[in-house]
Amino acid sequence: MSNENTEQTYARPGFFARNGETILRIVIPIAVIVLLIAIWQAIVIIYQTPHYILPGPALVAEAFFEDWGTLAPALWVTTKITFISLGLALVGGVGLAVVMVQSRWIETALYPITVILQVTPIVAIAPLILIYTPTTQVALLICAFLVAFFPILSNMAQGLKSVDHNLLNLFELYGASRWQTLIHLKLPASLPYFMTGLRIGGGLALIAAVVAEFAAGSAGAGSGLAFRLLESQYRLNIPRLFAALFMLACLGVAIFALTSFIAWLFLHRWHESSLKREN
(Lines give C-alpha, C1' and ligand atoms only; values in the text may rest on other atoms or scores of the structure.)
Protein backbone atom coordinates (compact mmCIF):
# COMPACT_ATOMS: atom_id res chain seq x y z
CA MET A 1 0.00 0.00 0.00
CA SER A 2 2.81 2.36 0.86
CA ASN A 3 4.50 1.67 -2.49
CA GLU A 4 1.29 2.55 -4.33
CA ASN A 5 1.01 5.81 -2.40
CA THR A 6 4.62 6.65 -3.17
CA GLU A 7 4.11 5.98 -6.86
CA GLN A 8 0.99 8.14 -6.87
CA THR A 9 2.88 10.95 -5.14
CA TYR A 10 5.66 10.95 -7.72
CA ALA A 11 3.11 10.65 -10.50
CA ARG A 12 1.33 13.86 -9.54
CA PRO A 13 1.60 16.55 -12.22
CA GLY A 14 4.21 19.14 -11.45
CA PHE A 15 5.85 17.19 -8.61
CA PHE A 16 9.26 17.05 -10.25
CA ALA A 17 8.86 20.57 -11.59
CA ARG A 18 8.23 22.02 -8.13
CA ASN A 19 10.98 20.07 -6.41
CA GLY A 20 13.37 20.59 -9.31
CA GLU A 21 12.90 24.35 -9.08
CA THR A 22 13.62 24.26 -5.33
CA ILE A 23 16.77 22.22 -5.88
CA LEU A 24 17.97 24.56 -8.62
CA ARG A 25 17.51 27.57 -6.36
CA ILE A 26 19.93 25.95 -3.92
CA VAL A 27 22.36 24.37 -6.35
CA ILE A 28 22.85 27.34 -8.71
CA PRO A 29 24.04 29.87 -6.05
CA ILE A 30 26.36 27.24 -4.53
CA ALA A 31 27.76 26.44 -7.97
CA VAL A 32 28.39 30.13 -8.70
CA ILE A 33 30.19 30.59 -5.37
CA VAL A 34 32.35 27.51 -6.00
CA LEU A 35 33.16 28.81 -9.50
CA LEU A 36 34.21 32.21 -8.13
CA ILE A 37 36.45 30.55 -5.52
CA ALA A 38 38.02 28.41 -8.26
CA ILE A 39 38.68 31.52 -10.39
CA TRP A 40 40.18 33.25 -7.35
CA GLN A 41 42.50 30.30 -6.71
CA ALA A 42 43.46 30.13 -10.39
CA ILE A 43 44.40 33.83 -10.46
CA VAL A 44 46.59 33.41 -7.37
CA ILE A 45 48.36 30.41 -8.89
CA ILE A 46 48.75 31.73 -12.44
CA TYR A 47 50.04 35.17 -11.47
CA GLN A 48 51.88 33.90 -8.35
CA THR A 49 50.36 36.72 -6.32
CA PRO A 50 52.04 37.27 -2.92
CA HIS A 51 49.78 36.40 0.01
CA TYR A 52 50.14 39.90 1.48
CA ILE A 53 48.45 41.26 -1.66
CA LEU A 54 45.90 38.56 -2.46
CA PRO A 55 45.90 35.38 -0.39
CA GLY A 56 44.42 32.22 -1.81
CA PRO A 57 41.24 30.62 -0.47
CA ALA A 58 43.28 28.00 1.41
CA LEU A 59 45.22 30.67 3.33
CA VAL A 60 42.00 32.51 4.17
CA ALA A 61 40.42 29.30 5.45
CA GLU A 62 43.53 28.60 7.51
CA ALA A 63 43.43 32.11 9.01
CA PHE A 64 39.72 31.67 9.70
CA PHE A 65 40.30 28.61 11.87
CA GLU A 66 43.57 29.74 13.46
CA ASP A 67 42.22 33.17 14.44
CA TRP A 68 38.76 31.97 15.41
CA GLY A 69 39.47 32.75 19.05
CA THR A 70 40.09 36.39 18.11
CA LEU A 71 37.46 36.81 15.41
CA ALA A 72 34.54 35.06 17.10
CA PRO A 73 34.21 37.51 20.04
CA ALA A 74 34.44 40.40 17.58
CA LEU A 75 31.71 38.81 15.47
CA TRP A 76 29.51 38.53 18.55
CA VAL A 77 30.03 42.22 19.40
CA THR A 78 29.07 43.30 15.87
CA THR A 79 26.08 40.95 15.82
CA LYS A 80 24.85 42.20 19.19
CA ILE A 81 25.10 45.85 18.16
CA THR A 82 23.35 45.14 14.86
CA PHE A 83 20.38 43.29 16.34
CA ILE A 84 19.90 45.63 19.30
CA SER A 85 19.95 48.68 17.03
CA LEU A 86 17.59 46.95 14.60
CA GLY A 87 15.20 46.11 17.45
CA LEU A 88 15.23 49.71 18.64
CA ALA A 89 14.68 50.92 15.08
CA LEU A 90 11.70 48.58 14.72
CA VAL A 91 10.08 49.82 17.92
CA GLY A 92 10.83 53.47 17.22
CA GLY A 93 10.02 53.36 13.51
CA VAL A 94 6.72 51.54 13.85
CA GLY A 95 5.65 53.59 16.87
CA LEU A 96 6.46 56.92 15.27
CA ALA A 97 4.86 55.89 11.97
CA VAL A 98 1.60 55.08 13.78
CA VAL A 99 1.67 58.42 15.59
CA MET A 100 2.47 60.35 12.41
CA VAL A 101 -0.31 58.70 10.43
CA GLN A 102 -2.84 59.43 13.19
CA SER A 103 -1.99 63.14 13.18
CA ARG A 104 -1.08 65.13 10.07
CA TRP A 105 0.36 67.95 12.21
CA ILE A 106 2.78 65.60 13.97
CA GLU A 107 3.83 64.19 10.59
CA THR A 108 4.44 67.68 9.23
CA ALA A 109 6.55 68.57 12.27
CA LEU A 110 8.64 65.39 12.61
CA TYR A 111 9.09 63.98 9.11
CA PRO A 112 11.58 66.65 7.92
CA ILE A 113 13.77 65.96 10.97
CA THR A 114 13.86 62.25 10.22
CA VAL A 115 14.77 62.98 6.60
CA ILE A 116 17.64 65.23 7.71
CA LEU A 117 18.98 62.51 9.99
CA GLN A 118 18.77 60.00 7.16
CA VAL A 119 20.51 62.05 4.47
CA THR A 120 23.31 63.21 6.78
CA PRO A 121 26.26 60.79 6.43
CA ILE A 122 26.70 58.79 9.62
CA VAL A 123 30.48 59.27 9.40
CA ALA A 124 29.95 63.03 9.71
CA ILE A 125 27.90 62.86 12.91
CA ALA A 126 29.64 59.86 14.52
CA PRO A 127 32.35 62.05 16.15
CA LEU A 128 29.65 64.20 17.78
CA ILE A 129 27.80 61.13 19.01
CA LEU A 130 31.05 59.81 20.48
CA ILE A 131 31.52 63.08 22.38
CA TYR A 132 28.04 63.16 23.89
CA THR A 133 27.60 59.47 24.79
CA PRO A 134 29.07 57.82 27.91
CA THR A 135 30.59 54.78 26.16
CA THR A 136 31.68 53.76 22.70
CA GLN A 137 29.17 50.89 22.62
CA VAL A 138 26.29 53.32 23.19
CA ALA A 139 27.62 55.52 20.38
CA LEU A 140 27.76 52.55 18.00
CA LEU A 141 24.21 51.61 18.93
CA ILE A 142 22.95 55.13 18.24
CA CYS A 143 24.74 55.29 14.88
CA ALA A 144 23.34 51.95 13.74
CA PHE A 145 19.88 52.90 15.05
CA LEU A 146 19.82 56.17 13.10
CA VAL A 147 20.67 54.46 9.83
CA ALA A 148 18.16 51.60 10.23
CA PHE A 149 15.39 53.79 11.64
CA PHE A 150 14.34 55.80 8.59
CA PRO A 151 13.70 52.92 6.11
CA ILE A 152 11.46 51.24 8.67
CA LEU A 153 9.67 54.50 9.48
CA SER A 154 9.12 55.52 5.86
CA ASN A 155 7.95 52.10 4.69
CA MET A 156 5.65 51.66 7.67
CA ALA A 157 4.14 55.12 7.21
CA GLN A 158 3.63 54.46 3.52
CA GLY A 159 1.96 51.15 4.31
CA LEU A 160 -0.41 52.71 6.81
CA LYS A 161 -1.39 55.31 4.21
CA SER A 162 -1.90 52.77 1.42
CA VAL A 163 -5.02 51.14 2.83
CA ASP A 164 -7.87 50.70 0.35
CA HIS A 165 -10.20 53.69 0.71
CA ASN A 166 -13.22 51.48 0.15
CA LEU A 167 -12.25 49.42 3.18
CA LEU A 168 -11.77 52.58 5.21
CA ASN A 169 -15.22 53.73 4.20
CA LEU A 170 -16.63 50.33 5.17
CA PHE A 171 -15.08 50.56 8.64
CA GLU A 172 -16.49 54.07 9.06
CA LEU A 173 -19.89 52.86 7.90
CA TYR A 174 -19.94 50.22 10.63
CA GLY A 175 -18.86 52.75 13.25
CA ALA A 176 -15.37 51.38 13.92
CA SER A 177 -13.24 53.54 16.18
CA ARG A 178 -9.87 54.89 15.14
CA TRP A 179 -8.16 52.29 17.33
CA GLN A 180 -10.18 49.43 15.81
CA THR A 181 -9.43 50.66 12.30
CA LEU A 182 -5.72 50.77 13.12
CA ILE A 183 -5.57 47.30 14.68
CA HIS A 184 -7.86 45.41 12.33
CA LEU A 185 -7.24 47.18 9.00
CA LYS A 186 -4.27 49.52 8.76
CA LEU A 187 -1.65 47.41 10.55
CA PRO A 188 -2.43 44.17 8.66
CA ALA A 189 -2.55 46.05 5.34
CA SER A 190 0.84 47.66 6.02
CA LEU A 191 2.63 44.34 6.67
CA PRO A 192 4.18 44.07 3.15
CA TYR A 193 5.62 47.57 3.45
CA PHE A 194 6.86 46.86 6.96
CA MET A 195 8.61 43.68 5.82
CA THR A 196 10.36 45.62 3.06
CA GLY A 197 11.58 48.15 5.62
CA LEU A 198 12.69 45.31 7.88
CA ARG A 199 14.86 43.74 5.16
CA ILE A 200 16.40 47.08 4.24
CA GLY A 201 16.90 48.12 7.86
CA GLY A 202 18.59 44.83 8.77
CA GLY A 203 21.30 45.27 6.16
CA LEU A 204 21.76 48.96 6.91
CA ALA A 205 22.08 48.30 10.65
CA LEU A 206 25.03 46.00 9.99
CA ILE A 207 26.67 48.47 7.61
CA ALA A 208 26.18 51.33 10.08
CA ALA A 209 27.60 49.29 12.97
CA VAL A 210 30.79 48.61 10.97
CA VAL A 211 31.12 52.17 9.63
CA ALA A 212 30.52 53.67 13.08
CA GLU A 213 33.21 51.45 14.57
CA PHE A 214 35.61 52.58 11.85
CA ALA A 215 34.84 56.19 12.75
CA ALA A 216 35.08 55.52 16.49
CA GLY A 217 38.41 53.74 16.22
CA SER A 218 37.47 51.54 19.16
CA ALA A 219 39.92 48.88 20.24
CA GLY A 220 40.35 46.29 22.93
CA ALA A 221 38.49 43.22 24.05
CA GLY A 222 35.04 44.72 23.39
CA SER A 223 35.75 45.72 19.80
CA GLY A 224 33.92 44.34 16.80
CA LEU A 225 34.93 43.03 13.42
CA ALA A 226 35.61 46.52 12.07
CA PHE A 227 38.54 46.91 14.45
CA ARG A 228 39.84 43.46 13.48
CA LEU A 229 39.74 44.55 9.86
CA LEU A 230 41.80 47.66 10.64
CA GLU A 231 44.17 45.69 12.83
CA SER A 232 44.76 43.11 10.10
CA GLN A 233 45.36 45.86 7.57
CA TYR A 234 47.93 47.64 9.75
CA ARG A 235 49.75 44.37 10.42
CA LEU A 236 49.54 43.29 6.76
CA ASN A 237 47.77 40.14 7.92
CA ILE A 238 45.70 39.98 4.75
CA PRO A 239 44.46 36.39 5.22
CA ARG A 240 42.89 37.39 8.54
CA LEU A 241 41.44 40.50 6.90
CA PHE A 242 39.76 38.33 4.26
CA ALA A 243 38.54 35.96 6.98
CA ALA A 244 36.94 38.89 8.84
CA LEU A 245 35.35 40.09 5.59
CA PHE A 246 34.00 36.60 5.03
CA MET A 247 32.44 36.61 8.50
CA LEU A 248 30.83 40.00 7.86
CA ALA A 249 29.45 38.78 4.54
CA CYS A 250 28.04 35.65 6.19
CA LEU A 251 26.46 37.77 8.92
CA GLY A 252 24.85 40.02 6.31
CA VAL A 253 23.51 37.02 4.39
CA ALA A 254 22.18 35.51 7.63
CA ILE A 255 20.36 38.75 8.51
CA PHE A 256 18.86 38.98 5.03
CA ALA A 257 17.80 35.32 5.17
CA LEU A 258 16.24 35.79 8.60
CA THR A 259 14.29 38.91 7.62
CA SER A 260 13.20 37.27 4.36
CA PHE A 261 11.97 34.23 6.27
CA ILE A 262 10.02 36.46 8.67
CA ALA A 263 8.45 38.22 5.68
CA TRP A 264 7.55 34.90 4.08
CA LEU A 265 6.12 33.64 7.36
CA PHE A 266 3.69 36.54 7.60
CA LEU A 267 2.85 36.98 3.91
CA HIS A 268 3.02 33.62 2.14
CA ARG A 269 -0.62 32.71 2.80
CA TRP A 270 -2.28 35.83 1.46
CA HIS A 271 -0.07 38.45 -0.19
CA GLU A 272 0.57 38.44 -3.93
CA SER A 273 4.32 38.95 -3.54
CA SER A 274 4.64 35.55 -1.82
CA LEU A 275 1.98 33.57 -3.68
CA LYS A 276 2.85 31.49 -6.72
CA ARG A 277 0.92 32.00 -9.92
CA GLU A 278 -1.36 29.13 -10.79
CA ASN A 279 -1.16 29.69 -14.54
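Residues numbered from 1 in each chain as written. Predicted model: local features only at pLDDT ≥ 70, side-chain atom pairs only at ≥ 80, totals over all residues. Heavy atoms only, no water.

Under an unreviewed UniProt entry, the name given to the protein is Bicarbonate transport system permease protein CmpB, and the source organism is Martelella mediterranea DSM 17316.

This paragraph deals with the nonpolar core. Ranked by size, the top nonpolar core spans 21 residues in total, and within it Ala97, Leu153, Leu160 and Met195 carry the most contacts. Looking at this core, the elements with two or more residues in it are helix 4 (68-102), helix 7 (136-161), helix 10 (191-216) and helix 12 (238-267). The contact partners of Leu153, leaving out residues within four places of it in the chain, are Gly93, Leu96, Ala97, Met100 and Thr114. Judged by nonpolar contacts, the second largest core, of 17 residues, contains Ala74, Val210, Leu229 and Leu248. (Core = buried A, V, L, I, M, F, W, Y, C linked by side-chain atoms within 4.5 Å. Buried < 20%, exposed > 50% of the residue type's maximum accessible area, 1.4 Å probe, protein only. Helix = DSSP H or I, 4+ residues; strand = E, 2+ residues; numbered from the N terminus. Contact = heavy atoms within 4.5 Å.)

Looking now at the UniProt feature "transmembrane region" (unreviewed entry) in the protein. On the UniProt side, "transmembrane region" (unreviewed entry) is annotated at positions that read residues 22-47, 81-101, 108-132, 138-157, 200-221 and 241-267 here. With 100% helix and 0% strand, residues 138-157 has end C-alpha atoms that lie 27 Å from one another. Across residues 241-267 one finds 100% helix and 0% strand; the C-alpha atoms that close the span lie 39 Å apart. (UniProt positions renumbered as here; feature names shortened; annotations may be inferred.)

The phi angle at Gln48 is positive, at roughly 50 degrees, despite the residue not being glycine. In this fold, Gln48 is placed in the loop between helix 2 (15-47) and helix 3 (57-66). Taking relative accessible area as the criterion, Gln48 reaches 68% and is therefore assigned exposed.

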